Every structure is written in C-alpha cells, then in structure tokens.
Amino acid sequence: MKIIGLTGNMGSGKSEVAQMFQTLGIPVFISDVVGKQILNNSDEVKEKITQKWGSNLYIDKKLNTKALANIVFRAKPNLELLNSWIHPIVAQKFEQWQTEKNVYTSPFVIKETAILFEKGLDKKCDATILVCAPTSLRISRLLKRTNLSKSDILQRMEHQWDEQKKMSMADYIIENTKKIKDLEIKVAKLYNTILKDLTGDNE
C-alpha cells in the first residue's frame, strides 16, 4: 500500500482536497482531526498540559482551544513541546488506521498533515502533494471561515514554512486559486496521474 502525504499552509484548501480524494474512494487520514481528539481524550496529554499550563485550560473536561492557542502560538518552544506530546500518538493512530480492512483495498491512501515537511514526515511517504495559494487569498479565506483576527492568522502562519520551500520538496502541486469546480477537476486529474505513476503506466 502506498502512502501519499498531503499538506498545505493555512487557508490553502488542503481539507477540501482531502474530501475530494475521499469522494473518489481513497481512504484519508486527517492528522488535525486526530490531534484534536487526542487533546480532548488522552489522559496522558491532558495531564501534561495541565501540569505545564494550568488546569483552567480544560472546562468540563473539554479543552479551551483558544486559550491553548494563545499560549503555544505566542512562543515557539511551547508549540514544539505540545507537538512533541501529540505527534507520537498521532503516528500510532495512523499505524492502527492502516490495519483497517478498507485501507488495504485501495491503491493508495492519503495522509493529511499541516506540518508534513516541517517534521520530516514526508520521508515516510511514497509521494507528497502540496496545495498552495497566494498568502493574501489564504488570509481572506481564513477571515471568512474562522473567528481568527488577521493578526492571529499571521502569527500562526509564522510557524509554517514558506510555500516556495515546500514547492521544491513536493512531488505534486495543486494551485487552489479559483472556484471549487476548478479544484475538483485538478484533484480528479491528479488522482489519475498518481494511479499511473504507481503502476508505471505512463503511456
């Protein structure tokens, strides 16, 4: 089974691309969703967070994500510490997920993660996809669909590598600058390209 890593900076549209691959019948592992589940459900991680930053981060056993974000995105060491607690568990969850029967019936699977290149996770993938869009467009999208301010968005973007650096490392690139229909066409085309590349059928 081949693993295709999928990534993109905030507001690029990688989640939409992931959903489109799912529509095409490809199993997709969403690291961000799993990470949020771990933050709320892992007793080990919850204990580390409360010991480091206070029990007030959990209200009725549910994480105050805004308060945690204010802590980790304002200090890089805090973000790196949080990631060091979460990502080993995410990796374990991915290994478990791969054992599911439907995964092995697929020609490849998608592993979506925001920090694919930053953490060297691309080295464990057979190929990688980068979804990209101009910074101004990504900011505009995030302002429309989230409660984040522009300063919050820029602060979080500082923790992700520049798109140009990632483009030099990615095997496939999808530019998401137009309407959703255009993106659907690009994903369908890339799906066929990946199948051909995996089988060696490039005629």
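Look up a bit, the structure's there.
Throughout what follows, the structure given in this document is the object of discussion. (Residues numbered from 1 in each chain as written. Predicted model: local features only at pLDDT ≥ 70, side-chain atom pairs only at ≥ 80, totals over all residues. Heavy atoms only, no water.)

## So, the packing of helix α1 (residues 14-23) against helix α10 (residues 180-199)
Right, so step 1: Following both chains from N to C, one finds α1 and α10 inclined at 55 degrees, their axes separated by 10 Å at the closest point. If you check the angle between α1 and α10, you find them oblique. α1 and α10 meet at a crossing whose hand is right-handed. Across the interface between the two elements, Glu16, Val17, Met20 and Phe21 from α1 touch Ile180, Leu183, Glu184, Val187, Leu190, Tyr191 and Ile194 from α10.
Right, so step 2: Of the residues assigned to the contact of α1 with α10, the class counts are 9 nonpolar, no polar and 2 charged. (Axes fitted to C-alpha atoms, helices over the stretch in contact; angles between N-to-C directions. Helix = DSSP H or I, 4+ residues; strand = E, 2+ residues; numbered from the N terminus. Parallel < 35°, antiparallel > 145°, perpendicular 65-115°, else oblique. Left-handed = near helix turned anticlockwise from the far one by under 90°. Contact = heavy atoms within 4.5 Å. Nonpolar A, V, L, I, M, F, W, Y, C, P; charged D, E, K, R; others polar.)

## Section: the sheet that holds strand β2 (residues 28-30)
Where strands meet in a sheet, backbone hydrogen bonds hold them as pairs that are either parallel or antiparallel.
Right, so step 1: Read across the sheet, 5 strands follow the order β2-β5-β1-β6-β7 without closing on themselves; strand pairing throughout is parallel. This sheet does not close on itself; its edge strands, each paired only once, are β2 and β7 (172-175). On average, each strand axis in the sheet is tilted by 20 degrees relative to the strand beside it, whichever way the strands run.
Right, so step 2: Alignment of β2 against strand β5 (residues 108-112), held across 3 bridges, turns out to be parallel. Along β5, the bridge assignment pairs isoleucine 30 with glutamate 112.
Right, so step 3: The strands touched by helix α2 (residues 31-41) within the sheet are β2 and β5, with β2 carrying the most contacts at an inclination of about 45 degrees.
Right, so step 4: Contacts from α10 reach β1 (2-7), β5, β6 (127-132) and β7, with the element oriented near 170 degrees to β7. (Pairing = 2+ DSSP bridges.)

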